[in-house]
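# Tertiary structure, described
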Amino acid sequence: MRRPGALVAVAASSLLLAACGSGPSQVGAAAIVDGQSIALDGVQSKLDTLIKTDKFTQQLQQQRKLDLVSRAIVSREVLYKLVDKAAQAEGLRVDERNLDKYLPSPESPQTQGSDDPAAGVEQTVDKAFAPQDAARHRMLLAELSAKYIGRVSLTVDRLQLQDPAKARDLADRIAREPQQATALMQQAAAGGEPPSLNEAVSNNTPQSLALFAEPGSVLFTPSNAQQSEQQSAGGPYQVIVIKKRDMVALPPDLDPTKFQPDQLIQYSKYLLRPTALATGIKLNPRYGEWDAVNMQAGPAAEASVAGKVLTPKSSSS
């Protein structure tokens, strides 16, 4: 009489073994992107090099904030894989003749007196990668931004809430019941500031790319979508529904070439958001969790308030 239960147990364990055997192993990987492993040893080697050669990293080590650098290295590795994939889909090419202007600055960041040590980490991490490799990826990121800036028209619904749990629950509910998004936002806002509905997002600056996502996506995020880790744990929080996304003609008075490469590169990572969601990103727990809104690795201690991008009928649970 107990054989059916035993058979179920055997079947379940077989499925578990099959699941464990599928895909790349997390062992020895700092992250897995689109089924490809980013070597843990490679990330550690880059961090060790910065500790030995970079004064800013040495300052962070003294402040016991090396985790900022290690997460930034992993984030950069992930973004490079994503932009390689996006470049193929978008037909972007590296022009070797102009590569020099995309070489990262060899100077240490000037952040003395800053309350936010993360402000200089991005520039520091540039030096952890081979200059030509960094330049190629920086060029691709800049080209991606130049292709989309001014051409993306977004219409969103937006609500700001002080309570992260309430905001996250709202995002989950909207993802499960997208037809009720407006009613759910109005209900959640009862007694407070009403939601901004059918809001047209300006598309004439690099910053306008920060909300790039597939139509129907629901974003849960601290109110400033481009925050450092130290700022992101505080309120208020926003729930943003991407109601409509259209490609439009470039405005006649907007010339993407007028923007500095660093401006274009800074905001290009948000254009990789759909690629990231489609391919999947899994981080080694030592580097926290992937923040799909800020497009970077975030500390595990702040996972409950990290940016999330939900699709209809999905949830963050």
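Described in the following lines is the structure provided in the data block. (Residues numbered from 1 in each chain as written. Predicted model: local features only at pLDDT ≥ 70, side-chain atom pairs only at ≥ 80, totals over all residues. Heavy atoms only, no water.)

### Some remarks on helix α6 (residues 131–148)
Relative to the 26 Å expected for 18 residues at 1.5 Å per residue, α6 spans 26 Å between its end C-alpha atoms, a close match to the ideal helical length. If you check which residues of α6 are buried, you get A134, A135, H137, R138, M139, L140, L141, A142, L144, S145 and Y148. Where the residues of α6 are buried, they touch α4 (66–90), α5 (121–126), β3 (152–161), β6 (237–247) and α10 (261–268). Looking one or two residues past α6, G150 carries a phi angle of roughly 85 degrees, positive in sign. (Helix = DSSP H or I, 4+ residues; strand = E, 2+ residues; numbered from the N terminus. Expected span 1.5 Å × (residues − 1). Buried < 20%, exposed > 50% of the residue type's maximum accessible area, 1.4 Å probe, protein only. Contact = heavy atoms within 4.5 Å.)

### What to know about the sheet that holds strand β1 (residues 29–33)
Here 3 strands make up an open sheet; going across it, the order is β2-β1-β7 and the pairing antiparallel. Both edges of this open sheet fall to β2 (36–39) and β7 (281–283), since each of them pairs with a single strand only. Pairs of neighbouring strands in the sheet enclose a mean axial angle of 20 degrees, with direction left out of account. Where β1 lies against β2, 4 bridges are found, and the strand directions are antiparallel. Of the residues in β2, the one forming a bridge with A29 is A39. The strands that helix α2 (residues 40–53) touches are β1 and β2; relative to β2, the one it contacts most, it runs at about 35 degrees. (Pairing = 2+ DSSP bridges. Axes fitted to C-alpha atoms, helices over the stretch in contact; angles between N-to-C directions.)

### Some remarks on the pattern of salt bridges
Applying the stated criterion across every chain yields a total of 16 salt bridges. Across the pair D126 and R76 runs a salt bridge, and its minimum N-O distance is 2.6 Å. In this pair, D126 sits in helix α5 while R76 sits in helix α4, placing the two residues 50 residues apart along the sequence. Accessibility classification places D126 together with R76 in one group, the buried group. With a shortest N-O distance of 3.0 Å, D95 and R97 are connected by a salt bridge. Judged by its relative accessible area of 21%, D95 is partly exposed. (Salt bridge = Lys/Arg side-chain N within 4 Å of Asp/Glu carboxyl O.)

### Re the pairing of strand β5 (residues 218–222)
Most of β5 is tucked away: 5 of the 5 residues are buried. As paired elements, β5 and β6 share 5 bridges and run antiparallel to each other. By the bridge assignment for β6, P222 is matched with Y237. As judged from the 3 bridges shared by β5 and strand β10 (residues 308–310), these two strands associate in the antiparallel manner. Among the inter-strand pairings, L219 is bridged to a residue of β10, identified as V309.

### Focus on the sheet that holds β5
The strand order across the open sheet built from 5 strands is β4-β3-β6-β5-β10, with neighbouring strands paired in antiparallel fashion. In this open sheet, the two strands that pair with only one neighbour each are β4 (196–201) and β10. Strand-to-strand, the axes of this sheet are offset by a mean angle of 30 degrees, without reference to chain direction. In this fold helix α8 (residues 181–188) packs onto β3, β4 and β6, with an angle of close to 30 degrees to the strand it touches most, β3.

### With respect to the packing of aromatic side chains
Evaluated as defined, the whole model comprises 4 aromatic pairs. Summarising the aromatic geometry, the rings of Y148 and F212 are spaced 5.6 Å apart at their centres and angled 70 degrees between planes, so their arrangement reads as edge-to-face. Residue Y148 is located in helix α6, and its partner F212 is located in the loop between β4 and β5; the two are separated by 64 residues in the primary sequence. Between F220 and Y237, the ring centres sit 5.9 Å apart and the planes meet at 0 degrees, which makes this aromatic pair stacked. Here F220, found in strand β5, pairs with Y237, found in strand β6; they are 17 residues apart in sequence, far enough to count as distant. Of note, K46 hangs over the ring of F129, and the distance from its end group to the ring centre comes to 5.0 Å. (Phe/Tyr/Trp six-rings, centres within 6.5 Å; stacked < 30°, edge-to-face > 60°. Lys NZ or Arg CZ within 6 Å of the ring centre and 35° of its normal.)

### Some words on unusual backbone geometry
The backbone phi angle of D34 is positive, close to 55 degrees, even though this residue is not glycine. In this structure, M295 takes a positive phi of about 55 degrees despite not being glycine. Locating M295 in the fold gives a position in the loop between β8 (289–291) and β9 (296–298).

### Here we look at the packing of α4 against α6
At a minimum axis separation of 10 Å, α4 and α6 run at an interaxial angle of 50 degrees. Here α4 lies oblique to α6, going by the angle between them. Classified by chirality, the crossing of α6 by α4 is left-handed. Taken together, the residues of α6 that come into contact with α4 (itself represented by Y80, V83, D84, A87 and E90) are D133, A134, H137, L140, L141, L144, K147 and Y148. (Parallel < 35°, antiparallel > 145°, perpendicular 65-115°, else oblique. Left-handed = near helix turned anticlockwise from the far one by under 90°.)

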